[in-house]
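Examination of the molecular architecture
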Amino acid sequence: MFKNYEVNGLFDEMFEAPGYPRPHYAAVASRLQAFGPEAFSRRVRMADLTFRNQGITFTVYKDSAGVEKIFPFDLIPRIVPANEWEHIERGLIQRITALNLFCRDIYHEQRILKEGIIPPDLIYGAKSFRREMFHVKVPRDIYIHICGTDLIRGKDGVYYVLEDNGRTPSGVSYVLENRGVMKRVLPTLFSAYKVRAIEDYPYTC
């Protein structure tokens, strides 16, 4: 299964060295190895068919072959250990809090502009800036209710923020569907881990 697997200098989420999975990936590596390429490919097709039948797609506006694409799905899960997630979660809470404070300041005191921290042209020239929102109080000063923050992992193993999607964070729905399909196609992988549940997420928003 992983005989010809190569990373080419990037950070490898699954293996700490060729043929040696990281401790939290040992159970996944063992079970995937037992499947073999043919059985694994069959499950990939099952996942693709599920996404197609359920209409889980995303739009590619510049693709001449068609705008609707099936959501790209990787059957090898991204496992984030609890200690890593606690660090990420604290950072995301801090970041989203800062984004909300930024929005409040822009539409109220505008200290960040008055103190010259960022040039006014970046704000007043932005398409999403709305002068109608000046001095409008929003409940609990929450301007961004759901934020889709894109994370990447550098080859140094450190997580970095690629961007924040505060207007239409459609990626949240992909997370929910990803988990559902994974549980149907590879249910045995979950038995080896204490996976944090996400099923209640829509009801807590």
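Here's what I pulled together on the structure shown here. Computed from a predicted model, the values in this text were never measured in an experiment.

In this section: the overall build of the chain. Secondary structure assignment for the chain yields six helices and six strands. For the chain, whose C-alpha radius of gyration is 21 Å, the value lies well above the compact-globule estimate of 17 Å for 205 residues. Evaluated residue by residue, the chain yields a buried proportion of 27% over its 205 residues. Look at the contacts in the chain between residues 6 or more apart in sequence, and 51% of them connect residues 24 or more apart.

If you walk through the whole model with that rule in mind, you get nine salt bridges. Note that glutamate 13 and arginine 153 form a salt bridge whose closest N and O atoms lie 2.8 Å from each other. One end of the pair, glutamate 13, is in the segment before β1 (15-17); the other, arginine 153, is in strand β5 (residues 148-153), and 140 residues separate them in sequence.

Our focus in this paragraph is the side chain of threonine 149. With respect to the helices, strands and loops of the structure, threonine 149 is situated in strand β5. Here the side chain of threonine 149 touches aspartate 164 through a polar contact of 2.9 Å, side chain to side chain.

A word on the environment of tyrosine 25. Here tyrosine 25 lies in the loop between β2 (20-21) and α1 (26-54). Spatially, the C-alpha atoms of tyrosine 25 and arginine 184 are 20 Å apart, while their sequence positions differ by 159 residues. Once you skip the residues sitting within four places of it in the chain, tyrosine 25 turns out to touch Glu13, Met14, Pro77, Arg78, Ile79 and Tyr193. One polar contact links the side chain of tyrosine 25 to the main-chain amide nitrogen of isoleucine 79, over a distance of 2.9 Å.

On to the packing of aromatic side chains. Aromatic ring pairs are described here by two measures, namely the spacing of the ring centres and the angle between the planes. With the rule as written, the count across this model stands at nine aromatic pairs. An angle of 5° between the planes, with centres 5.5 Å apart, marks the rings of tyrosine 107 and phenylalanine 129 as stacked. With tyrosine 107 in the loop between α2 (82-106) and α3 (111-114) and phenylalanine 129 in the loop between α4 (120-124) and β5, the pair connects residues that are 22 residues apart, well separated along the chain. On the accessibility criterion, tyrosine 107 (10% relative accessible area) is buried. Between tyrosine 124 and phenylalanine 129, the ring centres sit 5.3 Å apart and the planes meet at 85°, which makes this aromatic pair edge-to-face. Taken together, the aromatic side chains of Tyr107, Tyr124, Phe129, Phe134 and Tyr143 make up a single cluster linked through ring pairs.

What follows is about the nonpolar core. Among the nonpolar cores identified, the biggest contains 21 residues, and Met14, Val28, Leu32, Phe73, Leu75 and Leu186 are the most heavily contacted of them. Looking at this core, the elements with two or more residues in it are α1 and α5 (171-185). Element by element, the count of residues in this core is highest for α1, at six residues. Residues contacting phenylalanine 73, with those up to four places away along its chain left out, are Ala47, Phe51, Asn178, Val181 and Met182. Counting 12 residues, the second largest nonpolar core, distinct from the first, contains Tyr107, Phe129, Val138 and Ile144.

Before going further, it helps to examine unusual backbone geometry. The backbone of glutamine 110 shows a phi angle near 55°, a positive value even though the residue is not glycine. When you line up the elements, glutamine 110 lands in the loop between α2 and α3. Of note in this structure, aspartate 141 is not a glycine but carries a positive phi near 55°. Structurally, the position occupied by aspartate 141 is in the loop between α4 and β5.

Criteria and cut-off values
Every chain is numbered independently, its residues counted from 1 as its sequence is written. Only residues with pLDDT of at least 70 are given local features in this predicted model, and only at 80 or more are side-chain atom pairs given and counted; all residues enter the totals for whole chains, interfaces and linings. Side-chain metrics rest on all non-hydrogen atoms present in the structure, leaving aside hydrogens and water. Going along the chain from the N terminus, every DSSP run of H or I of four or more residues is numbered as a helix, and every run of E of two or more is numbered as a strand. C-alpha atoms define the radius of gyration in this analysis, and the globule rule sets the expected value at 2.2 Å times the number of residues to the power 0.38. For every residue, the accessible area (1.4 Å probe, protein chains only) is compared with the maximum for its type, and the residue is labelled buried under 20%, exposed over 50%, or partly exposed between those bounds. Throughout, a contact is declared for two residues whenever any of their heavy atoms are within 4.5 Å. For this analysis, a salt bridge means a side-chain nitrogen from Lys or Arg found within 4 Å of a carboxyl oxygen belonging to Asp or Glu. Side-chain atoms alone can form a polar contact between residues adjacent in sequence; in general such a contact is a pair of N or O atoms within 3.5 Å, and within protein one must be able to donate a hydrogen while the other accepts it. Only Phe, Tyr and Trp rings are paired, with Trp represented by its six-membered ring, and only when their centres lie within 6.5 Å; those with planes under 30 degrees apart are stacked, over 60 edge-to-face, the remainder tilted. Among the buried residues, those of types Ala, Val, Leu, Ile, Met, Phe, Trp, Tyr and Cys that are joined through side-chain atoms within 4.5 Å form a nonpolar core.

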